[in-house]
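Letter by letter, the chains look like this.
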Amino acid sequence: MDWNFQTAEGLSAALRAGEVTSAELTDEAIARIERDDKEINAVCLPDFDRARAAARDADQARARGEDRPLLGIPVTVKESYDVAGLPTTWGMPPHRNFVPAEDAVQVSRLKAAGAVVLGKTNVPFGLQDIQSFNEIYGTTNNPWDHGRTSGGSSGGSAAALASGFGALSIGSDLAGSLRTPAHFCGIYAHKPTLGLAASRGMVPPPGPALPVEQDLAVVGPMARTARDLTLLLDVMAGPDPLTLGVAHDVKLPPARHERLCDFRVLVLEEHPFIPTGSAVRAGVNRVADALIDEGARVERHSPLLPDLTEAAMLYRQLLFSGSAARFPVDAYEELQARAAQLSADDQSLDAAVLRGMVFSHRDWLQANSRRELHRHGWRQFFAEFDAVVCPITPTPAFPHDHNPDPRERRIDIDGVEYPYFDQLVWAGLATMPGLPATAIPAGRSPEGLPVGVQLIGPMFEDRTPLRLAELLEQKIGGFQASK
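As the structure is a computational prediction, the values presented were derived from the model and not from experiment. (Residues numbered from 1 in each chain as written. Predicted model: local features only at pLDDT ≥ 70, side-chain atom pairs only at ≥ 80, totals over all residues. Heavy atoms only, no water.)

(A) Examining the overall build of the chain more closely. Secondary structure summary: the chain contains 14 helices and 17 strands in total. Against the globule reference of 23 Å for 483 residues, the chain gives a C-alpha radius of gyration of 21 Å, in line with a compact fold. Over its C-alpha atoms, taken along the principal directions, the chain stretches across nearly 70 × 55 × 50 Å. Residue pairs in contact within the chain that sit at least 24 positions apart in sequence constitute 76% of those at least 6 positions apart. (Helix = DSSP H or I, 4+ residues; strand = E, 2+ residues; numbered from the N terminus. Rg over C-alpha atoms; globule rule 2.2 N^0.38 Å. Contact = heavy atoms within 4.5 Å.)

(B) The side chain of T180, seen in detail. Tracing the chain through its elements places T180 in helix 6 (residues 179-185). Every residue in contact with T180, bar those within four places of it in the chain, is listed here: I130, G152, I392 and T393.

(C) Main features of helix 2 (residues 22-40). Along its length, helix 2 reaches its greatest deviation from straightness, about 40°, at E34. Positive backbone phi, approximately 60°, marks N41, located one or two places after helix 2. (Bend = angle between axes of the 7 residues up to and from the residue.)

(D) Fine view of the environment of P221. Inspection of the secondary structure puts P221 in strand 10 (residues 218-223). Since its relative accessible area comes to 0%, P221 is described here as buried. Taking C-alpha positions, P221 is 6.0 Å from L233, a pair spaced twelve residues apart along the chain. Discounting residues that sit within four places of it in the chain, P221 has contacts with S169, L178, A189, H190, P192, L229, L232, L233 and M236. (Buried < 20%, exposed > 50% of the residue type's maximum accessible area, 1.4 Å probe, protein only.)

(E) Molecular detail of the sheet that holds strand 1 (residues 43-46). Spatially, 1-3-2-8-10-9-16-17-13-11-12 is the arrangement adopted by the eleven strands of the open sheet, whose pairing is mixed. Bordering the open sheet on either side are strand 1 and strand 12 (297-299), each of which pairs with just one other strand. Each neighbouring strand pair of the sheet contributes to a mean axis angle of 30°, computed without reference to strand direction. In terms of strand pairing, strand 11 (residues 264-267) meets strand 13 (residues 387-390) through three bridges, oriented parallel. Paired with V265 across the strands is A387, a residue of strand 13. Contacts from helix 14 (residues 463-476) reach strand 9 (188-191), strand 13, strand 16 (437-444) and strand 17 (450-456) within the one sheet, and its direction differs from that of strand 16 by about 15°. (Pairing = 2+ DSSP bridges. Axes fitted to C-alpha atoms, helices over the stretch in contact; angles between N-to-C directions.)

(F) Looking closely at the packing of helix 9 (residues 308-324) against helix 12 (residues 361-381). For the pair helix 9 and helix 12, the least separation of the axes is 10 Å and the interaxial angle reads 140°. Taken together, the axes of helix 9 and helix 12 lie oblique to each other. Between helix 9 and helix 12 the crossing geometry is left-handed. Where helix 9 approaches helix 12, its residues E310, A311, L314, Q317, L318 and S321 are matched on the opposing element by W364, A367, R370, R371 and H374. Looking at the contact of helix 9 with helix 12 residue by residue, the classes come out as five nonpolar, three polar and three charged. (Parallel < 35°, antiparallel > 145°, perpendicular 65-115°, else oblique. Left-handed = near helix turned anticlockwise from the far one by under 90°. Nonpolar A, V, L, I, M, F, W, Y, C, P; charged D, E, K, R; others polar.)

(G) Local environment of the state of the cysteines. Overall, the coordinates contain zero disulfides when judged by the stated rule. For the unlinked cysteine C185, the closest cysteine sulfur is that of C44, found at 15 Å. (Disulfide = S-S within 2.5 Å.)

(H) Main features of the nonpolar core. L70, Y81, V287, L291, V389 and L472 are the most contacted members of the largest nonpolar core, which totals 67 residues. With seven residues, helix 8 (residues 278-293) is the single largest residue contributor to this core. Beyond its immediate chain neighbours, meaning those up to four positions away, L472 contacts L260, V287, A290, L291, I440, L455 and G477. If you look at the next biggest cluster of nonpolar residues, it comprises 48 residues, including L268, L305, A430 and L435. (Core = buried A, V, L, I, M, F, W, Y, C linked by side-chain atoms within 4.5 Å.)

(I) Broad picture of the pattern of salt bridges. Evaluation of the coordinates by the stated rule reveals 34 salt bridges. Residue D2 pairs with R32 through a salt bridge whose shortest N-O separation is 3.8 Å. With D2 in the segment before helix 1 (8-17) and R32 in helix 2, the pair connects residues that are 30 residues apart, well separated along the chain. Owing to a relative accessible area of 40%, D2 belongs among the partly exposed residues under this scheme. (Salt bridge = Lys/Arg side-chain N within 4 Å of Asp/Glu carboxyl O.)

(J) Structural detail: the packing of aromatic side chains. One pass over the full model with this rule turns up eight aromatic pairs. With a centroid separation of 5.6 Å and 25° between ring planes, the pair formed by W378 and F382 is classed as stacked. W378 gets classed as buried once you look at its relative accessible area, which sits at 3%. Of the residues examined, F382 reaches a relative accessible area of 4% and is grouped as buried. Their ring planes at 85° and their centres at 5.0 Å tell us that F381 and F382 sit as a pair that is edge-to-face. Across the pair, exposure class does not vary: F381 and F382 are buried alike. One aromatic cluster in this structure is built from F184, F398, Y420 and F421. When the ring centre of F479 is taken as reference, the NZ or CZ atom of R224 above it lies at 6.0 Å. (Phe/Tyr/Trp six-rings, centres within 6.5 Å; stacked < 30°, edge-to-face > 60°. Lys NZ or Arg CZ within 6 Å of the ring centre and 35° of its normal.)

(K) Local environment of the pairing of strand 14 (residues 410-413). The alternating pattern of strand 14 places I411 and I413 on a buried face, while none of R410 and D412, on the opposite face, is buried. Relative to strand 15 (residues 416-419), strand 14 runs antiparallel, the two sharing four bridges. For I413, the partnering residue across the bridge sits in strand 15 and is V416. The turn linking strand 14 back onto strand 15 is made up of two residues, and D414 within it adopts a positive phi angle of 50°.

This is how it looks when you write it as structure tokens:
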């Protein structure tokens, strides 16, 4: 049997039944990587010797009667996570020789759960792109079309899963970095509620790896099925043992419903700042039709929905205020001069970005106060609804575009070009208020490219969108191998 595309849940059952060993699974995964990754370039840092040793240890542990959640399961890890003994570069050449001495907290949790780490997966420079390419490790190609991107910044992990390189992977998400690669590669990913999963050791090199509370960014699971997402989230969830973990345990509430017919869902396909391409619109409507067919309550409009225009503006301001904080003084002063020349009437996304880049602390606090109003609006919304179904980006995976100035890049939506980073507005819908969002496959474009949608749920009720994802997988299908 070819085990490489089996689910983690299925592999665990086979390991328990003695149908296969972890050593055999690991050898098969390594053989597939060595055979196919020359074209995909997903696994940028193989760690095969230690993986084989970990697999032998897993088999010995199982022989002693142990049974942990991921015991013996081959997985990959996004390059941005610290793994002791392997470089952590974030794709930045000055840090190509930085090797951390300790594992990130999530890598430690994977290993404690018994996972076998095959290696690390490729990322964009500084994790700051919707594609995954850098000078150190090169370009990761989409398994469905090598001339297109696998997404970013967890593009290596998504491509690895779509190619059968391990059963699970872990990534991170600030601007759709879990959800966009999942959408482009036809797999599943979950952006957890902000703060649900500790992120220590997922920090730009050379560190230090401190237990910092992130403003927008999260770490999360990637898989080929919705049930595997839940399995991996259960391993990842929980506060940092150095801080809140001293006094708190996590107990996520159960999903609100167990049947599709009981869900109350708002379906969105239009955004005020950017159109939705026909292929993605079809994916959204395929999910909507499946929900209606099962008797779910599906609405297209609600006065309870927080304002999408203000949400996008707030998101861009908060996102870019963080990125500009590390700019050199001269570059920051140039931004200040440009921002001062903006007209007060300019309420474009580009203006929001520029203003956000030069936020004072007072400006940031005011923006954060508006964010809290949005969070309260979402609480009221989720008293009447259980989930939102909407796009992740306006298009399927686009052709590689390595223009060194992202401001000159464009995204083609049904033949019309739009600014490259405007496509982030859909990712920001969940990121700005810190809501959980599950990316699921929702069909194929006319060219045969994967199309995904996201299911956004109530804060700290991550099991609700995950359960909805599982039920939709049963209804409309899920991952399909590209080869």
